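# A look at the structure
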Amino acid sequence: MVSPFHRNIEQGIYLAGIELIKDGTVQKVFRGNKVPLGIMAHTPQKHSITYKPDVYYILRNNKKKIFEVLDSEEEKQDIIIADIIRSFLIENVDSIYLICRSNKAQRAMDALVL
């Protein structure tokens, strides 16, 4: 179940993307649970593997900005690492933004990612 914090932040990122479409900076905005990103192409021999970030933007140059809101996952480093790896298996990823609630989680993520 998604917490109110997670839902509000995700909604804010989505709405910010809609505003950026009006500016012409962003081409499209998607929620990953409705339009997942494909890691593998659809072929008759293999099933597609998908990644469902919270929100992602497709920029004018077709690069992707991926947003992950870490709420219940803050203390679970394996989930954070999996999100980072999956995001960079996607074609044309420009950046991934990991949003967390607490300073303690932020320090842990800094040590993990930097």
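My aim in this report is to walk through the structure given alongside it, one point at a time. (Residues numbered from 1 in each chain as written. Predicted model: local features only at pLDDT ≥ 70, side-chain atom pairs only at ≥ 80, totals over all residues. Heavy atoms only, no water.)

### Points about the nonpolar core
Counting residues in each nonpolar core, the largest one holds 13 residues, and the members touching the most others are L37, Y51, I66 and L98. Secondary-structure elements contributing two or more residues to this core are strand 4 (55-59), strand 5 (64-70), helix 2 (77-88) and strand 6 (93-100). Residue contacts for Y51: discarding those within four places in its chain leaves P36, L37, I39, I66, E68, D83, R86, S87, I90 and I96. Among the nonpolar cores identified, the runner-up in size contains 8 residues, and Y57, L59, F67 and V69 belong to it. (Core = buried A, V, L, I, M, F, W, Y, C linked by side-chain atoms within 4.5 Å. Buried < 20%, exposed > 50% of the residue type's maximum accessible area, 1.4 Å probe, protein only. Helix = DSSP H or I, 4+ residues; strand = E, 2+ residues; numbered from the N terminus. Contact = heavy atoms within 4.5 Å.)

### Things to note about the packing of aromatic side chains
Tallied over the entire structure, the rule returns 3 aromatic pairs. Note on F67 and Y97: the rings are 4.9 Å apart at their centroids and 15° apart in plane angle, and the pair reads as stacked. Highlighted residues: F67 in strand 5 and Y97 in strand 6, separated in sequence by 30 residues. Assessed through its relative accessible area of 10%, F67 is described here as buried. (Phe/Tyr/Trp six-rings, centres within 6.5 Å; stacked < 30°, edge-to-face > 60°.)

### Comments concerning unusual backbone geometry
The backbone phi angle of N62 is positive, close to 70°, even though this residue is not glycine. One can find N62 in the loop between strand 4 and strand 5.

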